[in-house]
Amino acid sequence: MAPINLEKVSKRYPNGFEAVHELDLDVSEGELMVLVGPSGCGKTTALRMVAGLEDITGGTLRIGGQVVNDVSPRDRDVAMVFQNYALYPHMTVSENIGFSLKLRKMPKAQIQQKVSDAANILGLTEWLNRKPAQLSGGQRQRVAMGRAIVREPSVFLMDEPLSNLDAKLRVQMRAEVSRIQRRIGVATLYVTHDQTEAMTMGDRVAVLRTGRLQQCNAPQVLYDRPDNLFVAAFIGSPAMNLYRAQLTEGAQSLQLGSQAIRLPESVRLARPGLVTRANSPVVVGIRPEDLPAASADTSTPDSQDLEGEVDLVEALGSELLVHFTIDARRVRAEDVQDDAAGLEGGELAVQGEGVARVEPRTEVKVGQRTRFRVSPERIHFFDNESGIAIW
């Protein structure tokens, strides 16, 4: 087992495009670190640099404390699992799993033992004599993982290994991959564009954007305390509701369109940066699950109401997603992800759509005005120009 350490690692192509910019990241022994971000953010490039499949143009990469910038892929003792399984169709499951060991000229009895051990871990014992065409997508992915496990590498690298599976199987395989990784206890770098996958699997999650690390922490910390607008908009489904708002004198209240939300002293004490921005515009975020339909049982000492007009109701069985409109100007999550500089202009300011996640039997109809309960302590505040969280 070996940790992975990236120190200001960069990748710049001959045409001048910088795919990864001075990435600092440490993956501890036994840790499952997830790299997540939108397409083109540099996460796969970072993974390929660790694997040795891309040259490093700046910084230092260490595996197990050894600098490996110029070490060939075969000598880095890493195993990689790709989104396409790359199984040999003419070989059985057993032959696919043990192929790399055969190339090393390992004794046949030892190969059989290692293949058997890997099959037990992956639940593939009864399929060892099948060909890949006779397996389901999930079983094929487990075979690909088995091929990596038998090598007993120091490091696992996984590049969107579940993206080819259907939604139900993907949920099942998330749990399988996490269980297997914890059992073998190897430092693992896992790439995905699916933030739900990242949140449910990662011991820690690193959020990338345009080749730059935005935030790296435990999933719940990313959710509760995003460092900036990009992380706030990217983490969570449905996405956080983001609006332009105005702090009043002394940050005593927040003007959200035509509606005012009083900010208790506890909020100002928790976020003293609000007071320094009194009488100034800010961007505020409220997660859909922090907007229950207003009723006596959702009231807290400082809770207040936010009123909006219902545009759409999605009944999901266990909950309702209520789409509503207020007269505050909304900042769209997709534009935050595309271009943070756009926050300085007015093109992101649109009619204030929002989403609330409420109890499944809440009586709410399209076209009616509905009140949602807001707890000021659950509101997120961001600088209007930089997009950095205000604390």
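Since the model is a prediction, treat every value here as computed from it, not as a measurement. (Residues numbered from 1 in each chain as written. Predicted model: local features only at pLDDT ≥ 70, side-chain atom pairs only at ≥ 80, totals over all residues. Heavy atoms only, no water.)

J.: Can you break down the overall build of the protein residue by residue, with the values?
T.: When you go through the protein residue by residue, the secondary structure sums to 11 helices and 19 strands. Taking the principal axes of its C-alpha atoms as reference, the protein extends roughly 75 × 50 × 35 Å. Expressed as a percentage of the 391 residues in the protein, the buried residues total 51%. Put simply, of all contacts in the protein between residues at least 6 apart along the chain, 71% involve residues at least 24 apart. Between the centroid of the 45 positive side chains of the protein and the centroid of its 50 negative side chains there is a distance of 7 Å. (Helix = DSSP H or I, 4+ residues; strand = E, 2+ residues; numbered from the N terminus. Buried < 20%, exposed > 50% of the residue type's maximum accessible area, 1.4 Å probe, protein only. Contact = heavy atoms within 4.5 Å. Lys, Arg positive; Asp, Glu negative; His and termini not counted. Charge placed at Lys NZ, Arg CZ, Asp CG, Glu CD.)

J.: Could you give an account of the pattern of salt bridges, with specific residues and numbers?
T.: One pass over the structure, following the stated rule, counts 17 salt bridges. The residue Arg204 makes a salt bridge to Glu31 at a minimum N-O spacing of 2.6 Å. You can see Arg204 sitting in strand E9 (residues 204-209) and its partner Glu31 sitting in the loop between strand E2 (18-27) and strand E3 (32-36), a full 173 residues away along the chain. By relative accessible area, Glu31 is classed as buried at 9%. Of the charged contacts, one joins Asp383 and Arg277 as a salt bridge, the two residues approaching to 3.2 Å between their closest N and O atoms. Highlighted residues: Asp383 in strand E19 (residues 380-383) and Arg277 in the loop between helix H10 (273-276) and strand E14 (281-286), separated in sequence by 106 residues. On the basis of relative accessibility, which here comes to 18%, the residue Asp383 falls in the buried class. Put simply, Lys11, Arg48 and Glu54 are held in one network by salt bridges that share partners. (Salt bridge = Lys/Arg side-chain N within 4 Å of Asp/Glu carboxyl O.)

J.: Lay out the side chain of Thr325 with the relevant residues and their values.
T.: With respect to the helices and strands, the residue Thr325 is situated in strand E16 (residues 320-330). A distance of 2.4 Å separates polar atoms of two side chains, one belonging to Thr325 and the other to Asp311. (Polar contact = N/O pair within 3.5 Å; in protein donor to acceptor, adjacent residues only side chain to side chain.)

J.: Describe the packing of aromatic side chains, with residues and values.
T.: In this description, an aromatic ring pair is defined by two values, namely the gap between the centres and the angle between the planes. Applying the stated criterion across every chain yields a total of 4 aromatic pairs. Pairing Tyr13 with Phe17 gives two aromatic rings, centres 6.5 Å apart and planes at 15°, and the pair type is stacked. Judged by relative accessible area, Tyr13 falls into the partly exposed class, the value being 25%. The side chain of Arg225 reaches across the aromatic face of Trp391, ending 3.7 Å from its centre. (Phe/Tyr/Trp six-rings, centres within 6.5 Å; stacked < 30°, edge-to-face > 60°. Lys NZ or Arg CZ within 6 Å of the ring centre and 35° of its normal.)

J.: Give a detailed account of the pairing of E14, specifying residues and quantitative values.
T.: Within E14, 5 of the 6 residues are buried, which leaves it mostly tucked inside the rest of the structure. Summarising the sheet, strand E11 (residues 241-247) and E14 pair through 6 bridges and their orientation is antiparallel. For Tyr243, the partnering residue across the bridge sits in E14 and is Val284. (Pairing = 2+ DSSP bridges.)

J.: How would you sum up the sheet that holds E3? Please name residues and give values.
T.: The sheet built from 6 strands is open, its strands ordered E6-E7-E8-E3-E9-E10 with mixed pairing. Two strands in the sheet have a free side with no partner beyond their single neighbour: strand E6 (78-81) and strand E10 (212-217). Each neighbouring strand pair of the sheet contributes to a mean axis angle of 20°, computed without reference to strand direction. (Axes fitted to C-alpha atoms, helices over the stretch in contact; angles between N-to-C directions.)

J.: Can you explain unusual backbone geometry? Please cite residues and give values.
T.: Between Ser237 and Pro238 the backbone carries a cis peptide bond, its omega angle lying at -5°. For Pro238, the position within the fold is in the loop between helix H8 (229-234) and E11. At Asp77, a position not held by glycine, the phi torsion is positive, near 60°. Among the structural elements, Asp77 can be located in the loop between strand E5 (66-67) and E6.

J.: Which residues make up the environment of Glu289, and what values do they have?
T.: Summarising the element assignment, Glu289 is placed in the loop between E14 and strand E15 (304-315). Each C-alpha atom, one on Glu289 and one on Leu321, is 9.4 Å from the other, the two residues being 32 residues apart in sequence. Each residue touching Glu289, except ones within four places of it in the same chain, is listed here: Tyr223 and Arg357. In this structure the side chain of Glu289 is engaged in a polar contact, spanning 3.0 Å, whose partner is the side chain of Arg357.

J.: Describe the packing of helix H2 (residues 93-103) against helix H4 (residues 137-149), with residues and values.
T.: Packing of H2 against H4 brings their axes to within 7 Å, and their N-to-C directions diverge by 30°. Classified by the angle their axes make, H2 and H4 are roughly parallel. Where H2 crosses over H4, the handedness of that crossing is right-handed. Every residue of H4 that contacts H2 at Val93, Asn96, Ile97 and Ser100 is listed here: Val143, Gly146 and Arg147. Residue composition of the contact of H2 with H4, grouped by class: 3 nonpolar, 3 polar and 1 charged. (Parallel < 35°, antiparallel > 145°, perpendicular 65-115°, else oblique. Left-handed = near helix turned anticlockwise from the far one by under 90°. Nonpolar A, V, L, I, M, F, W, Y, C, P; charged D, E, K, R; others polar.)

Everything listed here is a matter of coordinates, which is why it stays silent on function.
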